[in-house]
2 protein chains.
Amino acid sequence: MGTARVVFDRWDGRYAERMRDVRSSAVRDLFGAASRADVVSFSGGMPDVSRVPTEAVMEAMAQTARDFGTTALQYGSSEGRVELRGIVVEMMAEIGVRVRVDDLVITQGAQQALDLLGKILIDPGDTIITEGPTYLGALQAFSAYQPRVVTIPMDDEGMRIDALEAELVRLGPRGAKFIYTIPNFQNPAGVTLSPERRRRLIELAREYDVPVIEDDPYGRLRFEGGHAKPLRALDEDVIYLGTFSKVFAPGLRLGWVAAPRPILGKLLLAKQAADLCGSAFAQIAAERYFTGTRWRRVVQDLTGVYAGRRDAMLDALGEHFPGEARWTRPEGGFFVWAEMPAFLDLKSLLAEAVEHGVTYVPGDAFFPDGTGRNCMRLAFCYAEPDRIREGIARLAEVLEDRLELYRAFVDAGVVPGGPTAVGSERG
Amino acid sequence: MGTARVVFDRWDGRYAERMRDVRSSAVRDLFGAASRADVVSFSGGMPDVSRVPTEAVMEAMAQTARDFGTTALQYGSSEGRVELRGIVVEMMAEIGVRVRVDDLVITQGAQQALDLLGKILIDPGDTIITEGPTYLGALQAFSAYQPRVVTIPMDDEGMRIDALEAELVRLGPRGAKFIYTIPNFQNPAGVTLSPERRRRLIELAREYDVPVIEDDPYGRLRFEGGHAKPLRALDEDVIYLGTFSKVFAPGLRLGWVAAPRPILGKLLLAKQAADLCGSAFAQIAAERYFTGTRWRRVVQDLTGVYAGRRDAMLDALGEHFPGEARWTRPEGGFFVWAEMPAFLDLKSLLAEAVEHGVTYVPGDAFFPDGTGRNCMRLAFCYAEPDRIREGIARLAEVLEDRLELYRAFVDAGVVPGGPTAVGSERG
């Protein structure tokens, strides 16, 4: 009675080799816990879409259905509607980048652009360079194409260019397929690449003949400090990824890629194969929204809201977090990156945190090699300031419990004190 | 001074090997010509969305924006909304297939399911089996994963099971990664797999332990004859692809896949990497449409419309097309497949046809190996009957011109007469 059964998966041995290293998204896996009312979620980078005026959305949708019915319901072009690409041209001009509509392809969020770029550029075994930590969705997208991922550490000015140069020297010219970077309010580290380093990065990329992919979802959400020119403004060969998810809404799944024409041509082939075309309805609705409403006001409002939440989080961290913790101080975007002593395994601590009514994303999700378990990403974008303070207090309790043991070890001289720095100071 | 310049693409040598065989879609490439008012398009398989009542769409969109605002604008789950999957469960029950919501993932049209299945199942060099000709979008999606494609010929009862069996014997058990089939009103051949052959196909797939992918975009658009049970109704291990594009609208980019749980789990990982999630807005809008309107009436109306267009095309073919031509007689769906003497290259003839105000898709687009150039796919779904008659008359003229030379050769005994049959009779 009660014989243990071996469940035989008759599909085993049928999957493609490329899926071996594709991991589930730690953030997506937390969606269940994150949506419980009693849990303060610092896990998902979800914009606060409740700030987008409902009337504006209704009006955009009504116009789309009424005035563009048959176009909106039909298949569209693979590159996306020229009208929406025209809006992107204007948006990019505002951040100092000159592109034409023919330099752009509309994608299913910026995530699709990451997948398609991986598909057209990465052969198994190719080396790619990313920041470490980096956006977990990029690691997920690229990993299906089986690259070797080299990570470059960051400090408060973003990617450490000296470390990048050392890697490029080691790999030699064309030694990597591309450098993937998130220069503004990096996900997950929250740091921003300084103007001087942007220039150096471009110089090195040219010198070593390695293409650059610039991912810029948060660029418009700056709370303080001056706007830094995108890498694409410094070099027309930079592949730039943008998204409407943070300035409007993720629910329409609209992003874009600006790239040199040959790259764009290959990407378009890959996009045809992946989904034929994007949603004409979503594109027209976005066009209506961006031409018919004061969307810049909404972004301004959102930026103020996120700035307040960042302040609440930084204050609460300073008040509640243990003395051993370090964290970054983002000038915009959605995320703070916090680091604990190497001894602490924040992945195994997560279940306990959820029990205490708070979630975060353990740091190893943002590295290709399982490191970073003593780190965590804290998203301040979604919860109200009061909830943020409450959540950080809860999280601090969970950490304190675990740190008591650590302190005893340090006092006994068994482990060294202090975290291993990822370019962060005591806030 | 008119010196010829060699344009150096500095991106050459940087693309992944897998993109080498990915071709552009012949149909997508014809979009430009197909949209000219003076051209009758038989090229794109575009549903007539003008038959979808505008008020119903407006009401669905308004409800979505008004009542589901923040959910519709936010990121959603990767597997798709459970409410929409519930609607799919009902739809599939109506065609004799029992599935639960957990057996389903909502995709960006059925095209995304093809791409994701290729991604999780095909290693470079793996053999896959398709009908020949087959859906060009499937060939496009699969080709990026570098399979060897074996094609099985069809006759008036669909895939020739004797030819399939011969291939399976040759390849041995598990010798192919999967069999991909479009049993109803096949794209592009227009033929339907008979009930007896469906049973045999499933038996053979089990015997040789090869998974089956059943693509069923047109199943509900039957003009005559009895409903044949889907393969998925005969075997729960069949991977079934469905789409809302033909019963509602392609513009929302919504399809689904029903598959065994292990496959679904891998597919979900691949989907997360490809786009995080589908559009919540599109899903909710579809839910509103399918629960709030008499959508079956719309499908009935559409089916009647398409039947009338098929009749117009078959009549016109009989009246105008040259004696050497053969074509299929579809009982539903969108397409007629026509075959000319092997001598005729319909790919090179296309430019001339466009000049004469008519387009089609040359047959080689539907084969992996460049064969089929003496064939063409004629989509009757989009043009009005009068335009269809006019278009076929124009096309017949272009063909007649070219056939004069052919006849002279046949008379002189230089080439043999008659087409090479793909299961079609003189209509």
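Computed from a predicted model, the values in this text were never measured in an experiment. (Residues numbered from 1 in each chain as written. Chains lettered and ligands numbered in written order. Predicted model: local features only at pLDDT ≥ 70, side-chain atom pairs only at ≥ 80, totals over all residues.)

**Section: the interface of chain A and chain B**
Step number 1: Each side of the interface is counted separately: chain A has 68 residues, and chain B has 68 residues.
Step number 2: Those elements that provide at least two residues to the side of chain A that touches chain B are helix H3 (54-67), helix H4 (69-73), helix H6 (109-121), helix H7 (136-143), helix H11 (261-275) and helix H12 (280-292) of chain A.
Step number 3: In terms of residues, the side of chain A that touches chain B owes the most to one element, H11(A), which gives 9 residues.
Step number 4: Residues that form the side of chain A that touches chain B fall into these classes: 37 nonpolar, 20 polar and 11 charged. (Contact = placed C-beta atoms within 7 Å. Helix = DSSP H or I, 4+ residues; strand = E, 2+ residues; numbered from the N terminus. Nonpolar A, V, L, I, M, F, W, Y, C, P; charged D, E, K, R; others polar.)

**Observations concerning the domain arrangement of chain A**
How big an interface is tends to be reported as the loss of accessible area on association of its parts.
All names here are of chain A.
Step number 1: Domain boundaries assigned for chain A yield domain 1 (18-51 + 297-406) and domain 2 (77-276).
Step number 2: Computed over C-alpha atoms only, the centres of domain 1 and domain 2 are separated by 24 Å.
Step number 3: In this assembly, 33 residues from domain 1 lie in contact with 33 residues from domain 2.
Step number 4: Secondary-structure elements contributing two or more residues to the side of domain 1 that touches domain 2 are helix H1 (26-29), helix H13 (295-320) and strand E12 (335-339).
Step number 5: For the side of domain 1 that touches domain 2, the element with the most residues is H13, which contributes 6 residues.
Step number 6: Considered class by class, the residues forming the side of domain 1 that touches domain 2 number 19 nonpolar, 8 polar and 6 charged. (Domains from an automatic or database assignment.)

**A few points about H6(A)**
Step number 1: Here H6(A) contains 13 residues, and its C-alpha end-to-end distance of 19 Å stays within 8% of the 18 Å for a straight helix at 1.5 Å per residue.
Step number 2: Burial analysis of H6(A) places 13 of its 13 residues in the buried class, the great majority of the element. (Expected span 1.5 Å × (residues − 1). Buried ≥ 20, exposed ≤ 12 C-beta atoms within 10 Å, placed from the backbone.)

**Section: the sheet that holds strand E7 (residues 179-181) of chain B**
Residue and element names in this part refer to chain B.
Step number 1: If you trace the 7 strands from one edge of the open sheet to the other, you get E2-E10-E9-E8-E7-E3-E4, paired in mixed fashion. The open sheet has two free edges, formed respectively by strand E2 (104-107) and strand E4 (148-152), since each of these has just one partner strand. Neighbour to neighbour, the strand axes of the sheet diverge by 20° on average, direction disregarded. (Pairing = 2+ DSSP bridges. Axes fitted to C-alpha atoms, helices over the stretch in contact; angles between N-to-C directions.)

**With respect to the relation of the copies chain A and chain B**
Step number 1: Under the fitted operation, chain A is carried onto chain B by 0.0 Å of movement along the axis and a turn of 180°, and the coordinates agree to an RMSD of 0.0 Å. The superposition operator between the copies reduces to a two-fold rotation axis.
Step number 2: A shared binding surface is used by both copies, with 100% of the interface residues of chain A retained as interface residues in chain B. (Least-squares fit on C-alpha atoms with pLDDT ≥ 70 in both.)

**Quick notes on the packing of H13(A) against helix H15 (residues 385-411) of chain A**
All names here are of chain A.
Step number 1: It is the contact of H13 with H15, at a shortest axis distance of 9 Å, that shows an interaxial angle of 30°. Viewed along their axes, H13 and H15 adopt a mutual orientation that is roughly parallel. Helix-helix and strand crossings are classified by hand; for H13 and H15 the assignment is right-handed. Across the interface between the two elements, Gly 308, Arg 309, Ala 312, Met 313, Ala 316, Leu 317 and His 320 of H13 pack against Pro 385, Ile 388, Arg 389, Ile 392, Ala 393 and Ala 396 of H15.
Step number 2: For the contact of H13 with H15, the residue count by class is 9 nonpolar, 2 polar and 2 charged. (Parallel < 35°, antiparallel > 145°, perpendicular 65-115°, else oblique. Left-handed = near helix turned anticlockwise from the far one by under 90°.)

**So, the sheet that holds strand E14 (residues 361-362) of chain A**
Residues and elements named next belong to chain A.
Step number 1: Pairing in this open sheet of 4 strands is antiparallel, and the strands run E11-E12-E15-E14 from one edge to the other. Each edge of the sheet is formed by a strand with only one pairing partner; in this case those strands are strand E11 (326-327) and E14.
Step number 2: Note: E14 against strand E15 (residues 375-379), 2 bridges, orientation antiparallel. Considered in E15, the bridge of Val 361 is made with Arg 377.

**Overview of unusual backbone geometry**
Residue and element names in this part refer to chain A.
Step number 1: In the segment running from Gly 132 into Pro 133, the intervening peptide bond is cis, with an omega of 5°.
Step number 2: With respect to the helices, strands and loops of the structure, Pro 133 is situated in the loop between strand E3 (127-131) and H7.
Step number 3: Look at the link from Asn 187 to Pro 188: it is a cis peptide, with omega at 15°.
Step number 4: Along the chain, Pro 188 falls in the loop between strand E7 (179-181) and helix H9 (195-207).

**Notes on the environment of Trp295(B)**
Residues and elements named next belong to chain B.
Step number 1: Locating Trp 295 in the fold gives a position in helix H13 (residues 295-320).
Step number 2: Between the C-alpha atoms of Trp 295 and Lys 177, which are 118 residues apart in sequence, the distance is 37 Å.
Step number 3: Apart from residues lying up to four places away in sequence, Trp 295 is in contact with Val 247, Phe 248, Tyr 289 and Phe 290.

**So, the pairing of E12(A)**
All names here are of chain A.
Step number 1: E12 sits mainly inside the fold: 5 of its 5 residues count as buried.
Step number 2: By the alternation rule, side chains of E12 split into Phe 335, Trp 337 and Glu 339 and Val 336 and Ala 338, which are all buried.
Step number 3: Of the pairings in the sheet, the one linking E11 to E12 comprises 2 bridges and is antiparallel in character. Along E12, the bridge assignment pairs Trp 327 with Ala 338.
Step number 4: As defined by bridge partners, E12 adjoins E15 across 5 bridges and the pair is classed as antiparallel.

**Describing the environment of Val39(B)**
Residue and element names in this part refer to chain B.
Step number 1: Examined against the element boundaries, Val 39 turns out to sit in the loop between helix H2 (31-34) and strand E1 (40-41).
Step number 2: Taking the C-beta count within 10 Å as the criterion, Val 39 has 22 such neighbours and is therefore assigned buried.
Step number 3: Taking C-alpha positions, Val 39 is 38 Å from Thr 291, a pair spaced 252 residues apart along the chain.

**Describing the packing of helix H8 (residues 161-171) of chain B against helix H9 (residues 195-207) of chain B**
All names here are of chain B.
Step number 1: Taken N-terminus to C-terminus, the directions of H8 and H9 make an angle of 5°; their axes are 10 Å apart at the nearest point. In terms of their interaxial angle, H8 and H9 are classed as roughly parallel. Each of Ile 161, Leu 164, Glu 165 and Leu 168 in H8 lies in contact with H9, whose residues at this interface are Arg 197, Arg 200, Leu 201 and Leu 204.
Step number 2: Here the residues of the contact of H8 with H9 are counted per class, giving 5 nonpolar, no polar and 3 charged.

**Focus: the nonpolar core**
Step number 1: Counting residues in hydrophobic clusters, the biggest one holds 266 residues, and the most contacted among them are Val257(A), Ala286(A), Leu378(A), Val257(B), Ala286(B) and Leu378(B).
Step number 2: Leu378(B) has contacts with Phe42(B), Met313(B), Phe335(B), Val336(B), Ala338(B) and Tyr360(B), leaving out every residue within four places of it along the chain. (Core = buried A, V, L, I, M, F, W, Y, C linked by C-beta atoms within 7 Å.)

**Focus: the environment of Val191(B)**
Residues and elements named next belong to chain B.
Step number 1: Mapped onto the fold, Val 191 is located in the loop between E7 and H9.
Step number 2: On the neighbour-count criterion, Val 191 (28 C-beta atoms within 10 Å) is buried.
Step number 3: The spatial distance from the C-alpha of Val 191 to the C-alpha of Gly 332 is 8.8 Å, given a sequence separation of 141 residues.

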